[in-house]
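Okay, here's what each chain looks like letter by letter:
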Amino acid sequence: MIAPPDRTPLTRQFFDRPVLEVAPDLLGRILVRTTPDGPIAVRLTEVEAYDGPNDPGSHAYRGRTTRNAVMFGPPGHVYVYFTYGMWHCMNLVCGPEGRASAVLLRAGEVVEGIELARKRRVSARNDKELAKGPARLATALEVDRTLDGTDACALDETPLRMLTGTPVPADQVRSGPRTGVAGEGGNGGIHPWRYWAAGDPTVSPYRPHVPRRRSS
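This structure is a prediction, so every number in the text was calculated from the model and none was measured. (Residues numbered from 1 in each chain as written. Predicted model: local features only at pLDDT ≥ 70, side-chain atom pairs only at ≥ 80, totals over all residues. Heavy atoms only, no water.)

**Considering the overall build of the chain**
Each helix and strand counted, the chain has four helices and nine strands in total. Going from N to C terminus, the chain has its helices and strands arranged as β-α-α-β-β-β-β-β-α-α-β-β-β. Computed over C-alpha atoms, the radius of gyration of the chain comes to 16 Å, within 12% of the 17 Å expected from 2.2 N^0.38 for 216 residues, which places it in the range of a compact globule. Principal-axis analysis of the C-alpha atoms gives the chain an extent of 55 × 40 × 35 Å. Within the chain, the proportion of its 216 residues that are buried is 50%. (Helix = DSSP H or I, 4+ residues; strand = E, 2+ residues; numbered from the N terminus. Rg over C-alpha atoms; globule rule 2.2 N^0.38 Å. Buried < 20%, exposed > 50% of the residue type's maximum accessible area, 1.4 Å probe, protein only.)

**A closer look at the environment of Arg-33**
Looking at the element boundaries, Arg-33 is found in strand β2 (residues 30-35). Considered as a pair, Arg-33 and Leu-147 are 114 residues apart in the sequence and their alpha carbons are 11 Å apart. Residues contacting Arg-33, with those up to four places away along its chain left out, are Gly-38, Pro-39, Ile-40, Leu-141, Glu-142, Val-143, Leu-147, Pro-159 and Leu-160. From its side chain, Arg-33 meets the backbone oxygen of Leu-141 in a polar contact 2.8 Å long. (Contact = heavy atoms within 4.5 Å. Polar contact = N/O pair within 3.5 Å; in protein donor to acceptor, adjacent residues only side chain to side chain.)

**A few points about the packing of aromatic side chains**
Throughout the structure, instances matching the rule amount to two aromatic pairs. Ring centres of Phe-14 and Phe-15 lie 5.0 Å apart, and the angle between their planes is 75°; this geometry places the pair in the edge-to-face category. With respect to burial, Phe-14 and Phe-15 carry one shared label: buried. Between Tyr-79 and Tyr-81, the aromatic rings sit 5.7 Å apart at their centres with planes inclined by 40°, giving tilted as the arrangement. Both residues of the pair, Tyr-79 and Tyr-81, count as buried. Taking the ring centre of Phe-14 as reference, the NZ or CZ of Arg-17 above it sits at 4.6 Å. Taking the ring centre of Trp-196 as reference, the NZ or CZ of Arg-194 above it sits at 4.2 Å. (Phe/Tyr/Trp six-rings, centres within 6.5 Å; stacked < 30°, edge-to-face > 60°. Lys NZ or Arg CZ within 6 Å of the ring centre and 35° of its normal.)

**Observations concerning the layout of surface pockets**
One number sums up the size of the largest pocket: a volume of about 1,200 Å³. Looking at the largest pocket, it is lined by 40 residues, and the ones nearest its centre are Tyr-84, Cys-89, Arg-106, Pro-134 and Thr-179. Elements represented by at least two residues in the lining of the largest pocket include exactly β3 (38-50), β4 (78-83), β5 (87-94), β6 (101-112) and α4 (134-140). Sort the elements by how many residues they give to the lining of the largest pocket and α4 lands first, with four residues. Looking at the lining of the largest pocket, its residues break down into 17 nonpolar, twelve polar and eleven charged. (1 Å grid on protein atoms, 1.4 Å probe; cavity = no way out; pocket = protein on both sides within 12 Å on 5 of 7 lines; lining within 4 Å. Points joined across faces, edges and corners; volume = space filled by probe spheres on them. Nonpolar A, V, L, I, M, F, W, Y, C, P; charged D, E, K, R; others polar.)

**Focus on the pattern of salt bridges**
Tallied over the full model, the rule gives 17 salt bridges. With its nearest N and O atoms 2.8 Å apart, the salt bridge here joins Asp-151 to Arg-12. Of this pair, Asp-151 sits in the loop between α4 and β7 (160-165) while Arg-12 sits in helix α1 (residues 12-15), placing them 139 residues apart in sequence. Since its relative accessible area comes to 18%, Asp-151 is described here as buried. Among the residues examined, Arg-12 registers a relative accessible area of 27% and is labelled partly exposed. Through salt bridges with shared partners, one network takes in Glu-46, Glu-48, Arg-106 and Arg-194. (Salt bridge = Lys/Arg side-chain N within 4 Å of Asp/Glu carboxyl O.)

**A few points about the state of the cysteines**
A complete count under the given rule lists zero disulfides for this structure. Sulfur of Cys-89: no disulfide; nearest cysteine sulfur belongs to Cys-94 and is 16 Å away. Judged by its relative accessible area of 5%, Cys-89 is buried. A disulfide-free cysteine, Cys-94 has its sulfur positioned 10 Å from the sulfur of Cys-153, the nearest such atom. The buried category is assigned to Cys-94, whose relative accessible area is 2%. (Disulfide = S-S within 2.5 Å.)

**Things to note about the nonpolar core**
One finds Phe-15, Leu-26, Met-90, Leu-105 and Met-162 to be the most contacted residues of the largest nonpolar core, which totals 42 residues. Residue contributions to this core peak at five residues, all from β3. Contact partners of Met-90, with chain neighbours within four places excluded, come to Leu-31, Val-78, Tyr-79, Val-80, Val-103, Leu-104, Leu-105, Leu-137, Leu-141, Val-143 and Leu-160. Among the nonpolar cores identified, the runner-up in size contains 13 residues, and Tyr-50, Ala-60, Met-71 and Ala-100 belong to it. (Core = buried A, V, L, I, M, F, W, Y, C linked by side-chain atoms within 4.5 Å.)

Written out as structure tokens, the structure is:
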């Protein structure tokens, strides 16, 4: 008999570790989004690590701004950003406070509130695509910049919360270059900081960074 996922909330200490330890350990954990219509829960299957001042691919590489302020801590909070003028993506901040590292949530399996997720992701061809990609995941969970700074470890009522779930065994965790990241942080594989659950159908396809061409 397979034991049900552990619904115990993750502690702040879980996130108060180096980002390269936290990122693969998030696979199999459950993110719960509480909405007025009911909860939606996603089992994480793909993430990417971003290591602040040591990482050219990180939003915090050049220092603190109004946009990335949440990345500087405390750990366990949600960093939401808007990209390409149309999509939101969400991250979980890691410690220590002031270090500005975070894990981008790239993909997952909707395990609760699937009807609500379908309403938000009407273009999904099947349920495996509901949260297959960082913007799709945020859309399925109805996450936008109003949730930037949410404490995912809070003990009281919170719109986003991380639960223990069932961690993916270490021998089933894969890693590789991050999707769409330019330079040494991405395609070259110098920072193979994308982690995913081997063989899971909800993992998004890898796409290398393609430089934008200027019009002549």
